[in-house]
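# Close look at the chain arrangement
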Amino acid sequence: MQKNTQCVHSGSRIDPATGGLNTPVYPSSAFRYLDTAENIYPRYYNTPNQKSVVAKLCDLEGAEDGILFSSGMAAVSAVMMAYLSSGDHAVIQKDIYGGTHHFVTADFKRFGIEFSFTGNAAHEIEAAVQPNTRLIYIETPSNPLLMITDIQAVAEIGRRRGIVTAIDNTFASPINQNPLNLGIDVVIHSGTKYLGGHSDLCCGAALGHTKDIGRIKSAAVNLGGSLNALTCYLLERSLKTLAVRVERQNANAMAIAEFLARHPAVRRVNYPGLESHPAYAVARRQMWGFGGMLSFEVDERHATCEHFLRRLKLVTPALSLGGVETIICAPAATSHVKLTPAERTQLGISEGLLRLSVGIEDAEDILADIAQALSR
Ligand SMILES: *Cc1c(COP(=O)(O)O)cnc(C)c1O
């Protein structure tokens, strides 16, 4: 089955009582145990609604097994805690989601875990590997600079050195990129973004081989970030339109990136679908679509960032991303606000950088709004 079909059908269960086409919601937290093969409990990640969604995500990512979490950071932290112990070392791409960056810098030291932040070139990642490295962690396209990491090259380093590789696949979604097929061990999503897609739920997921998911589940049972049945149901409903939404967001983002790249008031556009992107060839090789995220810098001689944001009428300055509505934010004030100004400068995140999450509206309307806000 292909992706649109998987989105609609994989994992969904017909209601045995009524023949209804949608998976019933099972909100129980207490389940009988005498005649069951396993003890069912929400924090054991094995309730019917959790399993339905996991089955759909597994088909979409080409995974054997998976776990659903109550947030993307619950997924990120569970994966890291599953593989890293005191005395271990992790190689972590430095251009990553601000919350992940903050987790590493704020908490790893307390657990005695060493880490190296690296650039996203495979040779830089390999150069950072030490004898005690247990995890290589990447994010591509990255947040907020849309840098592209060569997934296959990183997976190959992990395989050769016997190190687990994990990727945050949030920006691409399973529609545009399937890292497990490229050799990565564990795929993470903030399901709050494209998977949910309507800016109304918070969840996360980790997907991979049965062996890896079993290990992550052991940590996750103790960490406790499981997802409730009602949000599972909302997520399952959202996933039915994931491919339709993402395909349209890909097309809209491409049109907007091309428009911005030509605009005299825009200094620089970061979008992997533009041939001018330094890793365009890698992106073409490993992605089916280039995604709905882009970032750009407004030339402050034309309009200050703040001025531009306040003049927008349709595009909304808001946190988060991946929803049906087009939203925009300045990472320095939002996703990366916890980093020091020096850390942001080092990463290349200027105060004037704007990150656009392109929705499913008509591209002409989004373009017209951006054009009027950029005009003097
Ligand atoms: C939002 C985000 C996260 C964290 O997800 P939450 O659901 O907010 O916990 C992790 N990675 C990326 C790339 C994100 O955009």
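Residues numbered from 1 in each chain as written. Predicted model: local features only at pLDDT ≥ 70, side-chain atom pairs only at ≥ 80, totals over all residues. Heavy atoms only, no water.

With that settled, the discussion passes to the site of the ligand. Near the ligand, the surroundings consist of 13 residues, among which G72, M73, D168, T192 and K193 are the closest. One of the backbone nitrogen or oxygen atoms of G72 is found 2.8 Å away from an oxygen atom of the ligand. In this structure, T192 approaches the ligand through a side-chain N or O atom, which is 2.6 Å from an oxygen atom. Tallied by class, the residues present in the shell around the ligand amount to four nonpolar, six polar and three charged. (Near = heavy atom within 4 Å. Polar contact = N/O pair within 3.5 Å; in protein donor to acceptor, adjacent residues only side chain to side chain. Nonpolar A, V, L, I, M, F, W, Y, C, P; charged D, E, K, R; others polar.)

Moving on to the sheet that holds strand β12 (residues 353–357). Here five strands make up an open sheet; going across it, the order is β8-β9-β12-β11-β10 and the pairing mixed. Every other strand in the sheet has two partners, leaving β8 (266–270) and β10 (316–317) as the edge strands with one partner each. Examined bridge by bridge, β10 and strand β11 (residues 327–329) share two bridges and lie parallel to one another. For T316, the partnering residue across the bridge sits in β11 and is I327. Against the sheet, helix α10 (residues 242–262) makes contact with β8, β9 (293–298) and β12, and its axis sits at roughly 15 degrees relative to β9, the strand it touches most. (Pairing = 2+ DSSP bridges. Helix = DSSP H or I, 4+ residues; strand = E, 2+ residues; numbered from the N terminus. Contact = heavy atoms within 4.5 Å. Axes fitted to C-alpha atoms, helices over the stretch in contact; angles between N-to-C directions.)

Glancing now at the side chain of S238. Tracing the backbone shows S238 in helix α9 (residues 229–239). Residues within four places of S238 in sequence aside, it is in contact with L195, G196, H198 and R245.

Glancing now at the packing of aromatic side chains. Going through the model one piece at a time under the given rule, you end up with seven aromatic pairs. When the centroid spacing of 5.5 Å and the interplanar angle of 85 degrees are considered together, the rings of F103 and F108 count as edge-to-face. For the pair F103 and F108, one class covers both residues: buried. Centre to centre, the rings of F296 and F308 are 6.1 Å apart; their planes meet at 85 degrees, and the pair counts as edge-to-face. (Phe/Tyr/Trp six-rings, centres within 6.5 Å; stacked < 30°, edge-to-face > 60°. Buried < 20%, exposed > 50% of the residue type's maximum accessible area, 1.4 Å probe, protein only.)

Domain annotation for the protein reports domain 1 (3–239) and domain 2 (242–374). Each partner contributes to the interface: domain 1 provides 44 residues, whereas domain 2 provides 44 residues. For the domain 1 face of the interface with domain 2, the top three residues by lost area are L145, N176 and Y194, together amounting to 22%. For the pair domain 1 and domain 2, the number of links is one salt bridge. One salt bridge connects R285 with D150, and the closest N-O pair in it is separated by 2.8 Å. Linking domain 1 with domain 2 are 19 residue pairs in polar contact (both at pLDDT 80 or more). The set of elements that each furnish at least two residues to the side of domain 1 that touches domain 2 consists of α1 (3–9), α4 (98–107), α6 (151–161), α7 (173–176) and α9. Tallying contributions element by element places α4 first for the side of domain 1 that touches domain 2, with five residues. Classifying every residue of the side of domain 1 that touches domain 2 by side-chain character gives 19 nonpolar, 20 polar and five charged. (Domains from an automatic or database assignment. Buried area = accessible area lost by both parts, 1.4 Å probe. Salt bridge = Lys/Arg side-chain N within 4 Å of Asp/Glu carboxyl O.)

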